[in-house]
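Structure at a glance
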Amino acid sequence: MALRQFSAAAAVTVALALATPAYAVTEIQWWHAMTGGNNDVVNKLAEDFNASQTEYKVVPSFKGSYADTMNAGIAAFRAGNAPHIMQVFEVGTATMMSATGAIKPVYQLMKDAGEPFDPKAYLPTITGYYSTSKGDMLSFPFNSSSMVMWINKDELKKAGIAVIPKTWPEVFDAAKKLKAAGHATCGFSNAWATWAHIEQFSAWHNVAIGSKANGLDGFDTELKFNSPLHVKHLQNLIDLQKDKTYDYGGRANAGEARFGSGECAIFLTSSGYYGTAKGTAKFDFTSAPMPYYPDVAGAPQNSIIGGASLWVMGGKKPEEYKGVAKFFAFLSDTDRQVKLHQESGYLPITKAAYEKTKASGFYEKNPALETPLKELTNKEPTENSRGLRFGNMVQMRDVWAEEMEAALAGKKTAKEALDAAVARGNAMLRTFEKTAK
Amino acid sequence: MEKSVVFNNKLLPCLLLVPQLIITFVFFYWPASQAVWQSFLREDAFGLTSEFVGLENYQSLFVQPEYYASMLTTLIFSSLVAVLSLSIALLFATQADKNLKAASVYKTFMIWPYAVAPAVAGVLWFFMFHPSLGTLARPLRWMNFDWNPLLNGNHAMILVVMAAVWKQISYNFLFFLAGLQSIPKSVIEAGAIDGAGPMRRFWTIIFPLLSPTTFFLLVVNIVYVFFDTFGIIDAVTGGGPAGTTTTMVYKVYADGRLGGDLGGSAAQSVVLMVIVIALTAIQFRYVERKVQY
């Protein structure tokens, strides 16, 4: 009996094998760092693409955190078996860009493959980040986000704050009121401290983080974020930290739970926090644009993006590149982008997808999802707000955070901390410049 | 007639040594020599360009005040972890050595933490003592103690020391217990008959007889804190706040793996290797004299 079942199964297998097309399917390896619901989105995208044609098969594999994925990709490249597509977070951009020969630029890929590709169809604030100064798109934007201010509306009402604060002085006032109304341990806070108070802060106020258009125009760039405005802002945070009107929440996104638990009623973090907030917050919340100093001319400018893009690795076969190009064309499809945006909470990468979502009235019901888009498109980007591209950025962010922590702990003044952050960062930029040539 | 126990075969001992030598070469000398070679190079993350720069990586290392700070941090961190994990484990082992009712259950529980991966242990402690989320941080707050490892360097250091000690106690416990159980009961009984109290028996009989174990554990623990703790530090504090928990090995990890600065990282690991070799040599030269086998 068992034998008969076995032979039946074998017969089915043989039949299936015969039924599949005779030519080999080209496999495309896709390494990514998406967890939870976004991991499902990635798998679904690959499934849909694989079902849409028979020549190529996209195989997604999860490789850990953003930094882990990038390190795994680099190690694989050194060992000679890099994936075709690698998801790299925005701070790894300069490292990837400088690796000429290790990567295949996306504009080149699309041209070689003859796939329809119009760089102007994508949101310029997003593509600017991943393009050369000439406008050539090097990587394919995938999941982009920006920084917004999350607001616990219930707690603001309880503290007698009628209007959501727009400027930093208003935020400080509101935080003091919240503190008086029972939020003793946290008036306001943030995750990703250097992203909030150095990178986004600079772009939003149209001041430079570094020279050469924040590194976009060359690697011989010098950091500049020790300006009087930066010093003033950090000094404000230091003063407010003393009585926890502002309370530092740790590096990366570890502090985000403090918003969901209701401890902090005003919280700056990524717009990609939307999904988690929706799942955990038991109160009425929304997002608002990042605050600014009203005495800075032209502020607010526009915000810069976070999140990740897809890099194509070099040294692969032409037919594999064809498959990658087909997959990118598939991802750019308007309806697919609309769905991706509304399900994952990440930004739509094409203008058409944004317009379509807007026209459908989606943002009226979900205004929190439009805030980052409004911030990104607030004004035409300038040299200071197009994006940033510094080598050794992953390591440099840690150094900046170290100096900020020293200042907030009262060990250094705001000026000392920012000067040290700039000096140490510049040393890293020089090291990178030497290897990047 | 003289009985010879000397084997005259010259080939056999070499042959017997070969597997050990191959393993040592493949897993120690080869990677170590690679690290030394890499510390003279400047490479980009992808290994596309590589340039011989001589001692430049070392030079740029020894002008960083942060590097000296990490040395001091390592000194504080390693002495705290070694002393605490050894003494606490010894205390537990002496208790387990007594005739307890549920001794085997107790022993099993004691050994358990060793099976936990360092990063997992780190996350565990991070969540227990996170100033606003931590279950164990809240009572501290109720007592009006401003517990804040996110900004207070001493608090952060306490936290990583606790996590590293907790992880290592099991290992030390196991060896101490085995050492204690191999001490002949008759010796201790003789001491008791002579009128020595428990404390005196411990310090004059048991502890000296345990000295080989203690010495071995001291060396192993120092190597542990020097090389094995970066997973814990990464998960608990990420080297912060303001670099107060950045030990030398964590800096190697952060600069090399996270920062992609392979030359600088290799130079640091060579320095670290030299320090550990020196420390081990000192231990065998001076501390071992006090050991009675």
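Residues numbered from 1 in each chain as written. Chains lettered and ligands numbered in written order. Predicted model: local features only at pLDDT ≥ 70, side-chain atom pairs only at ≥ 80, totals over all residues. Heavy atoms only, no water.

Digging into the overall build of chain A
Within chain A one finds 20 helices and 10 strands. Taking all 437 residues of chain A together, 59% fall into the buried category. Carbon together with sulfur atoms contributes 56% to the accessible area of chain A, which is approximately 17200 Å² in total. Between the averaged position of the 47 positive side-chain charges in chain A and that of its 44 negative side-chain charges there is a distance of 1 Å. (Helix = DSSP H or I, 4+ residues; strand = E, 2+ residues; numbered from the N terminus. Buried < 20%, exposed > 50% of the residue type's maximum accessible area, 1.4 Å probe, protein only. Areas by Shrake-Rupley, 256 points an atom, 1.4 Å probe, with all protein chains shown as cover. Lys, Arg positive; Asp, Glu negative; His and termini not counted. Charge placed at Lys NZ, Arg CZ, Asp CG, Glu CD.)

With respect to the overall build of chain B
In terms of helices and strands, chain B carries 12 helices and 2 strands. When its helices and strands are written in sequence order, chain B yields α-β-β-α-α-α-α-α-α-α-α-α-α-α. The burial tally for chain B puts 43% of its 293 residues in the buried class. Contacts spanning at least 24 positions in sequence make up 67% of the contacts within chain B whose residues lie at least 6 apart. Summed over its atoms, the accessible surface of chain B is roughly 16300 Å², and 70% of this surface lies on carbon and sulfur atoms. Counting 17 positive and 15 negative side-chain charges, chain B places the averaged centre of each group 15 Å from the other. (Contact = heavy atoms within 4.5 Å.)

Some remarks on unusual backbone geometry
Residue and element names in this part refer to chain A. The omega torsion of the bond from Ala299 to Pro300 falls at -5 degrees, within 30 degrees of zero and hence cis. Of note, Pro300 is situated in the loop between β9 (285-288) and β10 (306-313). Backbone geometry places Asn214, a non-glycine residue, at a positive phi of 55 degrees. Structurally, Asn214 can be placed in helix α10 (residues 211-214).

Regarding the nonpolar core
Phe188, Phe328 and Trp400 of chain A are the most contacted members of the largest nonpolar core, which totals 191 residues. In terms of residues, this core owes the most to one element, helix α7 (residues 153-181) of chain B, which gives 13 residues. When near neighbours in sequence (up to four residues on either side) are disregarded, Phe188 of chain A contacts Trp168, Val171, Phe172, Ala175, Leu237, Leu240, Thr245, Tyr246, Asp247 and Ile266 of chain A. (Core = buried A, V, L, I, M, F, W, Y, C linked by side-chain atoms within 4.5 Å.)

Here we look at the packing of helix α11 (residues 248-258) of chain B against helix α12 (residues 262-287) of chain B
All names here are of chain B. The geometry of α11 relative to α12 is characterised by a closest axis approach of 8 Å and an angle of 160 degrees between their N-to-C directions. Viewed along their axes, α11 and α12 adopt a mutual orientation that is roughly antiparallel. Two packed elements cross with a definite hand, and for α11 against α12 that hand is left-handed. For the pair α11 and α12, contact is made by Met248, Val249, Lys251, Val252, Asp255 and Gly256 and by Leu262, Ser265, Gln268, Ser269, Val271, Leu272 and Ile275, respectively. For the contact of α11 with α12, the class distribution of residues is 7 nonpolar, 4 polar and 2 charged. (Axes fitted to C-alpha atoms, helices over the stretch in contact; angles between N-to-C directions. Parallel < 35°, antiparallel > 145°, perpendicular 65-115°, else oblique. Left-handed = near helix turned anticlockwise from the far one by under 90°. Nonpolar A, V, L, I, M, F, W, Y, C, P; charged D, E, K, R; others polar.)

What to know about the pattern of salt bridges
On inspection of all chains with the given rule, the structure shows 32 salt bridges over all chains. Salt-bridge contacts for Asp284 of chain A lead to Lys153 of chain A; the nearest nitrogen and oxygen are separated by 3.7 Å. Remark: Lys153 of chain A occurs in helix α7 (residues 153-158) and Asp284 of chain A occurs in the loop between α13 (274-280) and β9; sequence separation between them is 131 residues. Classification of Asp284 of chain A by relative accessible area gives partly exposed; the value is 39%. A relative accessible area of 35% means that Lys153 of chain A is categorised as partly exposed. Among the ionic pairs, Lys251 of chain B bridges to Asp255 of chain B, the shortest N-O distance being 3.4 Å. With Lys251 of chain B and Asp255 of chain B both in helix α11, this residue pair falls 4 residues apart, about one helical turn. No difference in accessibility class separates Lys251 of chain B from Asp255 of chain B, as the two residues are buried. Put simply, Lys244, Asp247, Arg258 and Glu263 of chain A together with Asp146 of chain B are held in one network by salt bridges that share partners. (Salt bridge = Lys/Arg side-chain N within 4 Å of Asp/Glu carboxyl O.)

Some points on the confidence of the model for chain A
On average, chain A scores 88 in pLDDT, and the residues at 70 or more come to 94%. The least confident element of chain A, judged by mean pLDDT, is helix α1 (residues 2-19) of chain A at 51; the most confident is helix α11 (residues 228-241) of chain A at 96. (pLDDT = per-residue confidence, 0-100.)

Things to note about the interface of chain A and chain B
Many structure descriptions define interface size as the accessible area lost when the parts assemble. At the interface, 38 residues of chain A touch 34 residues of chain B. Across the interface of chain A and chain B, roughly 2800 Å² is buried in total on both sides, 56% from carbon and sulfur atoms. Three residues stand out in chain A for area buried against chain B, namely Arg78, Gln395 and Thr435 of chain A, and they jointly supply 20% of the buried area on that side. For the interface between chain A and chain B, the tally reads 4 salt bridges. Here Glu66 of chain B and Arg424 of chain A are joined by a salt bridge, their closest N and O atoms 3.2 Å apart. In this structure, the connection of chain A to chain B is made through 5 residue pairs in polar contact (both at pLDDT 80 or more). Every element with two or more residues in the side of chain A that touches chain B is listed here: α3 (66-78), α4 (93-98), α12 (257-260), α19 (393-408) and α20 (414-436) of chain A. Partitioning the side of chain A that touches chain B into residue classes produces 14 nonpolar, 11 polar and 13 charged. (Buried area = accessible area lost by both parts, 1.4 Å probe. Polar contact = N/O pair within 3.5 Å; in protein donor to acceptor, adjacent residues only side chain to side chain.)

Focus: α7 of chain B
Residues and elements named next belong to chain B. In this model α7 runs 41 Å from its N-terminal to its C-terminal C-alpha over 29 residues, within 8% of the 42 Å that 1.5 Å per residue would give. A bend of about 30 degrees at Gln168 is the largest found in α7. In terms of burial, α7 is a largely internal element, 21 of the 29 residues being buried. Structurally, the start of α7 carries an N-cap: the backbone nitrogen of Asn154 is 2.9 Å from a side-chain oxygen of Asn152. (Expected span 1.5 Å × (residues − 1). Bend = angle between axes of the 7 residues up to and from the residue.)

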